[in-house]
Amino acid sequence: MNISTEISDRKMKQRLLKDKIFTNVMIFLAFLSGVPLFLILYQLAIKGYRQLNIGFFFEEAPDTMEAMVAVANNEIIPGGIANGIVGTLIIVGLASLIAIPLGIICGTYLAENAGGKFAGLVRFIVDMLQGVPSIVLGVIGYIWIVKPVTNGFSALAGSVALSIMMLPSIVRSTEETLKMIPGTLKEAALSLGVPYHKVILKVILPTGISGILTGVILGISRIAGETAPLMLTALGSTVVNTNITEPSSAVPLLVWEFYNDPNLVNMIWSASLFLLLLILGLNLSAKAIAKKWKVQY
Amino acid sequence: MPTEQKYKENVVIKNPIENIESPVLKIDDLSVSYGGDKYAIQNVSAGIAKNKITAIMGPSGCGKSTLLRAINRMHELYPNTHNKGGVYLGNENIYELNPIQLRRKIGMVFQRPNPFPTMSIYDNVIAGFNLNGIRLKRSEKDEIVEKSLREVALWDEVKDALHNRGTFLSGGQQQRLCIARALAYTPDIILLDEPTSALDPIATSKIEDLLVKLKKDFTIVLVTHNMSQAARISDYSMFMYLGELVEYGKTKQMFTTPKDKRTEEYLTGKFG
Ligand SMILES: Nc1ncnc2c1ncn2[C@@H]1O[C@H](COP(=O)(O)OP(=O)(O)OP(=O)(O)O)[C@@H](O)[C@H]1O
Ligand SMILES: [Mg+2]
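Here is a short report on the structure shown in this document. Once a new chain begins, its residue numbering starts again from 1 and follows that chain's sequence as written. Here the convention is simple: chains get letters from A, ligands get numbers from 1, in the order in which they are written. Given that the model is predicted, a residue must reach a pLDDT of at least 70 before its local features are reported, and side-chain atom pairs must reach 80 or more before they are shown or counted; all residues, however, enter totals for whole chains, interfaces and linings. Each side-chain value is derived from all of the structure's non-hydrogen atoms; neither hydrogens nor water enter the calculation.

### Some words on a nonpolar patch on the surface
Residues and elements named next belong to chain A. Exposure above 30% relative accessible area and the absence of a salt bridge qualify a residue for a patch, where like charges join within 9 Å and nonpolar side chains (Val, Leu, Ile, Met, Phe, Trp, Tyr) within 5 Å. Surface accessibility in these figures is a Shrake-Rupley result with a 1.4 Å probe; residues are shielded only by whichever protein chains are displayed. The term salt bridge refers to a side-chain nitrogen of Lys or Arg lying within 4 Å of a carboxyl oxygen of Asp or Glu. On the surface, Leu17, Ile21, Val25, Phe28, Leu29, Phe31 and Leu32 cluster together into a nonpolar patch covering about 710 Å² of accessible area. As for its position among the elements, valine 25 is in helix H1 (residues 3-48). Only protein chains enter the area calculation, which uses a 1.4 Å probe; residues under 20% of their type maximum are buried, those over 50% are exposed, and those in between are partly exposed. With relative accessibility at 41%, the residue valine 25 sits in the partly exposed group. A run of DSSP states H or I qualifies as a helix once it reaches four residues; a run of E qualifies as a strand once it reaches two. Both are numbered from the N-terminal end.

### Description of helix H10 (residues 209-224) of chain A
Residues and elements named next belong to chain A. In this model H10 runs 22 Å from its N-terminal to its C-terminal C-alpha over 16 residues, within 8% of the 22 Å that 1.5 Å per residue would give. Inspection of H10 places Ser210, Gly211, Ile212, Thr214, Gly215, Val216, Ile217, Gly219, Ile220, Ser221, Ile223 and Ala224 among the buried residues, and these make up the whole buried set. Between two residues, a contact is recorded if the distance between any of their heavy atoms is within 4.5 Å. Those residues of H10 that are buried lie in contact with helix H4 (82-112), helix H7 (155-180), helix H9 (196-207), helix H12 (251-260) and helix H13 (267-292). Given the number of residues in a helix, its expected span is that number minus one, multiplied by 1.5 Å.

### Concerning the site of ligand 1
Residue and element names in this part refer to chain B. Think of it this way: one heavy atom of a residue within 4 Å of a molecule or strand is enough to make that residue near it. Near ligand 1, the surroundings consist of Tyr34, Ala40, Ser60, Gly61, Cys62, Gly63, Lys64, Ser65, Thr66, Tyr78, Glu194 and His225. Two N or O atoms count as a polar contact when they lie within 3.5 Å, although within protein this holds only if one can serve as hydrogen donor and the other as acceptor, and sequence-adjacent residues are included solely when both atoms are side-chain atoms. The separation between an oxygen atom of ligand 1 and a polar main-chain atom of glycine 61 is 2.8 Å. One of the backbone N or O atoms of cysteine 62 is found 3.3 Å from an oxygen atom in ligand 1. In isolation ligand 1 offers 630 Å² of accessible surface; the protein chains occlude 63% of this area. Counting residues per element, the shell around ligand 1 draws most heavily on helix H2 (residues 64-71), which supplies three residues.

### Here's the deal with the pattern of salt bridges
Taken as a whole and judged by the stated rule, the model has 18 salt bridges over all chains. For arginine 232 of chain B, the salt bridge goes to glutamate 208 of chain B, with nearest N and O atoms at 2.7 Å. Within this pair, whereas arginine 232 of chain B is found in helix H10 (residues 227-233), its partner glutamate 208 of chain B is found in helix H9 (residues 201-214), the two being separated by 24 residues in sequence. Here the salt bridges share partners, and the residues they tie into one network are Arg123, Asp127, Arg172, Glu175, Glu176 and Lys179 of chain A.

### With respect to the interface of chain A and chain B
Counting residues at the interface gives 19 residues for chain A and 26 residues for chain B. Ranking the residues of chain A by area buried against chain B places Glu187, Ser191 and Leu192 of chain A at the top, with a combined share of 32%. If you look at where chain A meets chain B, you find one salt bridge. For glutamate 187 of chain A, the salt bridge identified is with arginine 69 of chain B, shortest N-O distance 2.6 Å. For the pair chain A and chain B, the number of links is five residue pairs in polar contact (both at pLDDT 80 or more). For the side of chain A that touches chain B, the elements supplying multiple residues, two or more each, are helix H8 (183-191) and H9 of chain A. With seven residues, the top contributor of residues to the side of chain A that touches chain B is H8 of chain A. Buried area: the accessible surface (1.4 Å probe) lost by two parts on joining, summed over both.

Below you can see the structure in the form of structure tokens.
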């Protein structure tokens, strides 16, 4: 065995070792970044599990006197967050109803007219929208809807504020998804004599469905936990309310209210746990859809 | 180099419409531009023979695809195109027809197989009907699907998997599926733009056999880079160079006694 191979052998071992250390450090750091999530979940579960019963989902939030009595007797606080759940469903649902069609149309326009001047302007505005602080969107909802339309705080105003908030994610995911679809697909449809609008509706959008849906769900999960815009729009309500022109509660609003009432403080944990699980669930389903519905071309 | 000028005198065939017996399609002094006053093809005149295979050959960038796409107006997908001259299907100038109706009479197959990825094999074949909202009875659909897939010799390979996605097929099978999709609509003419250039030799020869069989029912215009392919399967050949139709005639004759020097040089591999 000559000297040069011996040296390179040693060097090789050193390199492999370095490689190993590096990999392990990376795994460790990756693990570290996951730790906060598990700590939060653990914390919420430990403190909140006692409140999680059937009533939690089907009863309205307790008033402060009931809660005080229960806490004094070392019982669990009666009532639940039904008004928040119903409110969140209505507000987020309505926001989606506004933002999803608008966002998909807008994203499709941007993908189809990638180089156009007007498209550039729209893209710029959407990017700016992404950066608008959520409280400012609350102000917008207040100015546009609370004052002129519903003459008072309302679920509708909250929906409008949140719909603006979820728009950019839908527009951009639609645009990015459609831009990836090979142009030959459109040619195939056009060469069969299919009119342009049908090509978009029946070929292009269905082909991009998984990417578009992923963007939609991420948009929903982004707004489901928002509090600030709702404070200036939906305001909150102690009872279940299904009238969209009336003030409405929402789960994140309830968390804020619980925090502000010393007697209800124990409800924070369960309500937060519910919200967190809802959003985690949405994100996981977005991932699952992206994988399962992926169209292979 | 004044090659252009040198060869100009040699051009024999200038207006070959008369040379083709009973043309279904007449290209009349057609020039196509993608914008500005630069023309990708210039003053092309040619008749396309019914129930024959016509091959378009020439070096890259000479305008083969442009000419082919001008026949069913697919070149209009690019925003700034304009053209001079006309293309006549029967007695109608296709540029006065509705492009949507035109494309139902003149189908197209592309270089890369492009089945619709969201659709099953079955739905791909009848996509022309479904996407255009033409309602058919189940039995009619079944019949069209089977007939079209048999015509492209794909039926036996896929008859048990008709409801699987078309994108799971091999490249050659996908291309035959795309041909079946074009046929299902029973167009008069089928245009194919280098349909085998993305395929292996076995898949290629299957498609060549298929085209030869299909010409009894359809008129076929085929762009090809592959001279031996043109020699093997086409009845008529066009040679294009720098946007100009240099020579057009019976394939046999063109390959044995080309009339233009440039054709000869191309066929003998001096450029291209
Ligand atoms: N979309 C377009 N916009 C502008 N110019 C174009 C466009 N498509 C083609 N051209 C130009 O038109 C000319 C003819 O192109 P064409 O695609 O018809 O050539 P081709 O013979 O099919 O080449 P290839 O064998 O490489 O496919 C070329 O000079 C090309 O640069
Ligand atoms: Mg080409």
